[in-house]
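Here's the letter readout for the chains.
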Amino acid sequence: MKRKTVMLLAIPFAIGAGTVQSAEKAAESAAAPTAAVVSDRSAESVVNAKCIECHGPGKKHAPRIDDRDDWTKRASKGLDALALGAIRGHHGMPARGGRADLTDAEFKNAIFYMFTKAVSAPAKK
């Protein structure tokens, strides 16, 4: 029997002004999750399998996983809008990052994972 991984998306998808402080406050003050997504593949495994190729070094203007400013700016319209653009493909990124086998939930979880890693990274000096 396969084990299901549950990712709780605790940051509201409308981050507002897009500041790191507002994203951090949203993460800290979220009393109830905005969505619960069930997936066979963990967000971390999805990111490590494919996303890291571009989001690790920042190829083709992909936001680096540790770039808090870039992710916060991109998520200023909300993570749902960010995910929708990535699912459709934009700029140098192919639709679903070239992973047509991912469900919307798995893809959104991977984006949320990278975003939370970025928000928790130290700010640039």
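Just so it is clear, the model here is predicted, and its values are computed rather than measured.

Engineer: Kindly report on the layout of surface pockets, identifying the contributing residues and their values.
Structural biologist: Taken as a whole, the largest pocket encloses approximately 460 Å³ of empty space. Forming the boundary of the largest pocket are 25 residues, of which C54, H55, A62, M93 and G97 lie nearest the centre. Those elements that provide at least two residues to the lining of the largest pocket are α2 (43–55), α3 (68–74), α4 (79–88) and α5 (104–120). The element that contributes the greatest number of residues to the lining of the largest pocket is α2, accounting for 5 residues. Classifying every residue of the lining of the largest pocket by side-chain character gives 12 nonpolar, 6 polar and 7 charged.

Engineer: Account for the environment of D66, naming residues and giving values.
Structural biologist: Following the sequence through the fold, D66 ends up in the loop between α2 and α3. For the pair D66 and P122, spaced 56 residues apart in sequence, the C-alpha separation works out to 8.2 Å.

Engineer: Describe the pattern of salt bridges, listing the residues and the values that go with them.
Structural biologist: Pairing between side chains of opposite charge can happen when their charged atoms approach one another. Counted by the stated rule, this structure contains 9 salt bridges. Measuring nitrogen to oxygen at the nearest pair gives 4.0 Å for the salt bridge that ties K73 to D70. Of the two residues, K73 and D70 both sit in helix α3, 3 residues apart, roughly one turn of that helix. Residue classification places K73 among the exposed positions, given a relative accessible area of 58%. For D70, a relative accessible area of 14% gives the class buried. Taking the shortest distance from any N to any O, the salt bridge between D80 and K108 comes out at 3.7 Å. Within this pair, whereas D80 is found in helix α4, its partner K108 is found in helix α5, the two being separated by 28 residues in sequence. The partly exposed category is assigned to D80, whose relative accessible area is 38%. Assessed through its relative accessible area of 31%, K108 is described here as partly exposed. Several salt bridges converge on common partners, so that one network encompasses R41, R99, D101 and E106.

Rules and cut-offs
- Residues numbered from 1 in each chain as written.
- Predicted model: local features only at pLDDT ≥ 70, side-chain atom pairs only at ≥ 80, totals over all residues.
- Heavy atoms only, no water.
- 1 Å grid on protein atoms, 1.4 Å probe; cavity = no way out; pocket = protein on both sides within 12 Å on 5 of 7 lines; lining within 4 Å.
- Points joined across faces, edges and corners; volume = space filled by probe spheres on them.
- Helix = DSSP H or I, 4+ residues; strand = E, 2+ residues; numbered from the N terminus.
- Nonpolar A, V, L, I, M, F, W, Y, C, P; charged D, E, K, R; others polar.
- Salt bridge = Lys/Arg side-chain N within 4 Å of Asp/Glu carboxyl O.
- Buried < 20%, exposed > 50% of the residue type's maximum accessible area, 1.4 Å probe, protein only.

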